[in-house]
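# Summary of structural features
If you want the building blocks of each chain, they are given just below.
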Amino acid sequence: MISVKINRTHYIEDINADMKGQEVILGGWVEDLRKMGKMTFLTLRDVTGITQIILTDDVMKSIDDITRQSVVRVTGKIQDTKARDFECEIKADEINVLAKAVHPLPIDPLGRLESHIDNRLNSRALDMRNQKTASIFKIRHHVLASLRKIFIEKKFTEITTPKIIGSASEGGANLFSLDYFGKQAYLAQSPQLYKEQMTIGLERVFEIASFYRAEKSHTGRHLSEFTSVDIEAAFMDYTDVMNVLEDLVLNTFKYVSENCKKEQEIIGNKITMPNGPFKKITYSQALEELNRKDAKLEFGDDLLDSHLRIIEENHPDFYFITDWPIKLKPFYIMEKEDNPELSESFDLQYGYLELSSGGSRLHNPEKIKIRLSEQNLDPAKFSEHLQAFDWGMPPHAGWGLGLERLLTVILGIDNVREVILYPRDPERLKP
Ligand code: ATP
Ligand code: MN
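Residues numbered from 1 in each chain as written. Chains lettered and ligands numbered in written order. Predicted model: local features only at pLDDT ≥ 70, side-chain atom pairs only at ≥ 80, totals over all residues. Heavy atoms only, no water.

### Details of unusual backbone geometry
Counted only if it meets this: By the criteria applied, helices consist of DSSP H or I runs no shorter than four residues and strands consist of E runs no shorter than two, each listed in order from the N terminus.
Cis peptide bonds are those with omega within 30 degrees of zero, and the linkage from Gly276 to Pro277 qualifies with -10 degrees. Relative to the assigned elements, Pro277 resides in the loop between α8 (261-267) and β12 (279-282). Notably, Asn7 is not glycine yet its phi reads approximately 50 degrees, a positive angle. Positionally, Asn7 belongs in the segment before β1 (23-36). The backbone of Asp323 shows a phi angle near 55 degrees, a positive value even though the residue is not glycine. Here Asp323 is to be found in the loop between β13 (318-322) and β14 (335-336).

What follows is the structure, given as C-alpha cells:
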C-alpha cells in the first residue's frame, strides 16, 4: 500500500456517456473482478453507485493481489461501454490500493449469501456495504429529515433534554441506574417531564433522541435503547396532537416515497401510501370487539399483545385507540371532563403494533399531586418538576413515537434491529 493523494474528482453517479474522453479520478470499493484475456473488468462502487473499470494487464500488474471490498483510487478516461448494466465505463491509466480487505470476510457484503442477522450486526460496518442495508439507513435519514421539516413548518422548536437524570421521573420501573460521581443516577426513559416544562416559553417543542428501557423484552419491537420522537405543545389537547401525528405520518410516507425511489427499488419494497384520516376507536369499542371474538376483558384491563393481534384482524392499518381508563395511564395524563374514569389519551397503532402513546396533560399541580399519590409515587420527589407548574404552565398535550417502530412499518420489515445501527437488547451490548 502506498500513500497517494486522493483528489477524487467525481462521484460515480455524476459520470455519464456525454463525458466521453474526460479524465476522472474515482474512489471506491472493489465489488467484483473478472479477468478476460488481456483485460480485467473491475466493478467499483462508491456511496452513489457502481461503474465498470477496464484495466489492461500493464495497469493490473501494480495491484495483482487485490481483493474484493478493497478500497481503490482509479485514474482513467470515460469511454463507451458494451456492458448492458452500465452507461459508460472507465479505462484506467492508474489504480492504487488505498486499503486492502482481508479475506475471508465475516459476511458476504453483497448479500448473495444470506447471513444471519446476528452475524450482520456483529459486522455492521461491512453489512453497510450491502446495498439493502445501506438503503434502509438512507431511508432512515430521509425520515428524520422529513420529521424535522414538518415540525419546523408547524412551529415546533427542537430541544435536547438530559439523558442522565437524578430521579426516577415516571416511577422508576424499567430504568437503568448508574453511578454518577458517587450518586445514584438513571438513564432517561423519556423526555416527558422536561418537554412539558419547556411548553412554558417555547410552546411547541420536539425532541428526537435515544431513550432507555431496562425491560427484558425479547420481541421484534423492543430495544433497550430506542429513538423516540417526542412532542409537547401548549394550547393543544389530545385531538390536536393526534392531528399533528397523523399529518406527520402521512407526510413522511409521502416524502420518503417521493425522495427514496432508488432505495425502495434496491430494497424491493415499494412504500404504499396509507389512507387518512386514520380510524379512531375508543378503548371501550376495542373491548367490545374483543368480547365479540371471545377474548373476555373487563373495563380497566390492559390490552396485551395477544388482544391487539385480535384487534388487528379488524384494523390491519393505522388507527387510534382513544379514551383509555385513567388508571392505565401515567400520572400526568388528563381525565375526561364528562367521565373521570376515562382519560384524554390515545395510542397510535399499526395493526397490533403500538407506534405512539399520547394525550392531554394535567396542568393543575394539585391534581398532579393527587394522581401521584394514587399511583403510590411521592409528590415530594417531584417537587422540582411541580414548581414549574406555578410559573405559568399552559394547558398542553403531546406524544412519543418510536422511530424504529415507524421505520419497520414504512419499510415493511418486522424487526426493529434492522433499522438501528447497533441495537441494544438484553442479549446485545456489543459491538
Ligand atoms: P410497549 O407497551 O409496546 O412496550 P410502551 O407503551 O411501554 O410500549 P411508551 O412508554 O408509550 O411505550 O413509549 C412511546 C413509544 O415509544 C411507544 O409507542 C413505542 O413506539 C416507543 N417505544 C417504547 N418503548 C420502546 C422500546 N423498548 N423499543 C422500541 N420502541 C419503544
Ligand atoms: Mn405506550
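### What about the packing of helix α4 (residues 131-153) against helix α7 (residues 238-259)?
The geometry of a pair of packed helices is captured by two quantities: the angle between their axes and the separation between those axes. We apply this condition: An axis is simply a line fitted to the C-alpha atoms; with a helix, the fit covers only the stretch in contact. Between two such axes, the angle follows the N-to-C directions and lies from 0 to 180 degrees. What sets the label is the angle itself: under 35 degrees gives roughly parallel, over 145 gives roughly antiparallel, 65 to 115 gives roughly perpendicular, and the rest give oblique. Helix crossings are classified by the rotation of the near helix relative to the far one: an anticlockwise turn of less than a right angle makes the crossing left-handed, while a clockwise turn makes it right-handed. A contact between two residues is defined here by any heavy atoms of the two lying within 4.5 Å. All amino acids are sorted into three groups, where Ala, Val, Leu, Ile, Met, Phe, Trp, Tyr, Cys and Pro are nonpolar, Asp, Glu, Lys and Arg are charged, and the leftover types, Gly among them, are polar.
Direction vectors running N to C along α4 and α7 enclose 135 degrees, while the axes themselves pass 9 Å from each other. Taken together, the axis directions place α4 and α7 in an arrangement best described as oblique. The two elements α4 and α7 meet at a crossing, and its hand is right-handed. Counted together, Ile139, His142, Val143, Ala145, Ser146, Leu147, Lys149, Ile150 and Phe151 of α4 and Leu248, Asn251, Thr252, Tyr255, Val256 and Asn259 of α7 form the full contact between these two elements. Looking at the contact of α4 with α7, its residues break down into nine nonpolar, five polar and one charged.

### A look at the pattern of salt bridges
Opposite charge on two side chains permits pairing when their charged atoms draw close. Note the cut-off: Salt bridge criterion: a side-chain nitrogen from Lys or Arg within 4 Å of a carboxyl oxygen from Asp or Glu. Buried, partly exposed and exposed residues are distinguished by accessible area as a fraction of the type maximum, computed with a 1.4 Å probe on protein chains only: under 20%, between the cut-offs, and over 50%, respectively.
The final tally for this structure, using the stated rule, is 32 salt bridges. One salt bridge connects Arg428 with Asp118, and the closest N-O pair in it is separated by 2.8 Å. Linking Arg428 in the segment after α13 (403-411) with Asp118 in helix α2 (residues 117-122), this pair joins segments that are 310 residues apart in sequence. What makes Arg428 buried here is its relative accessible area of 9%.

### What to know about the UniProt feature "binding site: Mg(2+) 3" (unreviewed entry) in the protein
Which entries qualify depends on this criterion: UniProt positions are given in the numbering used here, feature names are shortened, and annotations may be inferred rather than shown by experiment. Pairs of N or O atoms within 3.5 Å make up the polar contacts considered here, provided that, within protein, one atom can donate a hydrogen while the other can accept it, and that residues adjacent in sequence are counted only when both atoms are side-chain atoms.
UniProt feature "binding site: Mg(2+) 3" (unreviewed entry): in the numbering of this structure it lies at Glu354. The residue Glu354 is located in strand β17 (residues 353-360) in this model. Apart from the residues lying within four places of it in its own chain, the contact partners of Glu354 are Asp347, Leu348, Gln349 and Arg405. Of the polar contacts made by the side chain of Glu354, one reaches the side chain of Ser357; its length is 2.9 Å.

### Focus: the sheet that holds strand β2 (residues 39-46)
Here is the rule we go by: Strands qualify as paired when DSSP identifies two bridges or more between them.
Pairing within the closed barrel is mixed, and its five strands lie in the order β1-β2-β3-β5-β4. Neighbour-to-neighbour, the strand axes of this sheet turn through a mean angle of 50 degrees, independent of strand direction.

### What to know about the nonpolar core
To keep it simple, the criterion reads: The definition of a nonpolar core used throughout is a set of buried Ala, Val, Leu, Ile, Met, Phe, Trp, Tyr and Cys residues joined through side-chain atoms within 4.5 Å.
With 45 residues, the main nonpolar core has Phe151 and Trp399 as its most contacted residues. When residues of this core are assigned to their parent elements, the largest contribution, 10 residues, is made by α7. Discounting residues that sit within four places of it in the chain, Phe151 has contacts with Phe156, Phe206, Val229, Ile231, Leu248 and Trp399. Counting 23 residues, the second-largest nonpolar core is a separate cluster that includes Val24, Leu44, Ile66 and Val74.

### Quick look at a nonpolar patch on the surface
Using the following cut-off: A patch consists of residues whose relative accessible area exceeds 30% and which take part in no salt bridge; residues with like charges are grouped when within 9 Å of each other, and nonpolar side chains (Val, Leu, Ile, Met, Phe, Trp, Tyr) when within 5 Å. We get accessible surface area from the Shrake-Rupley algorithm with a probe of 1.4 Å; when it comes to residues, only the shown protein chains can shield them.
A cluster of nonpolar residues, Ile164, Tyr180 and Phe181, forms a patch on the protein surface that exposes about 370 Å² of accessible area. By relative accessible area, Phe181 is classed as exposed at 74%.

### Observations regarding the pairing of strand β11 (residues 225-234)
The buried fraction of β11 amounts to nine of the 10 residues, a majority that puts the element mostly inside the structure. When strand β10 (residues 204-212) meets β11, the two strands line up antiparallel, connected through nine bridges. Directly across from Arg204, in β11, lies its bridge partner Ala233. Taken together, the seven bridges between β11 and strand β18 (residues 396-402) define a ladder with antiparallel strand orientation. Paired with Ile231 across the strands is Trp399, a residue of β18.

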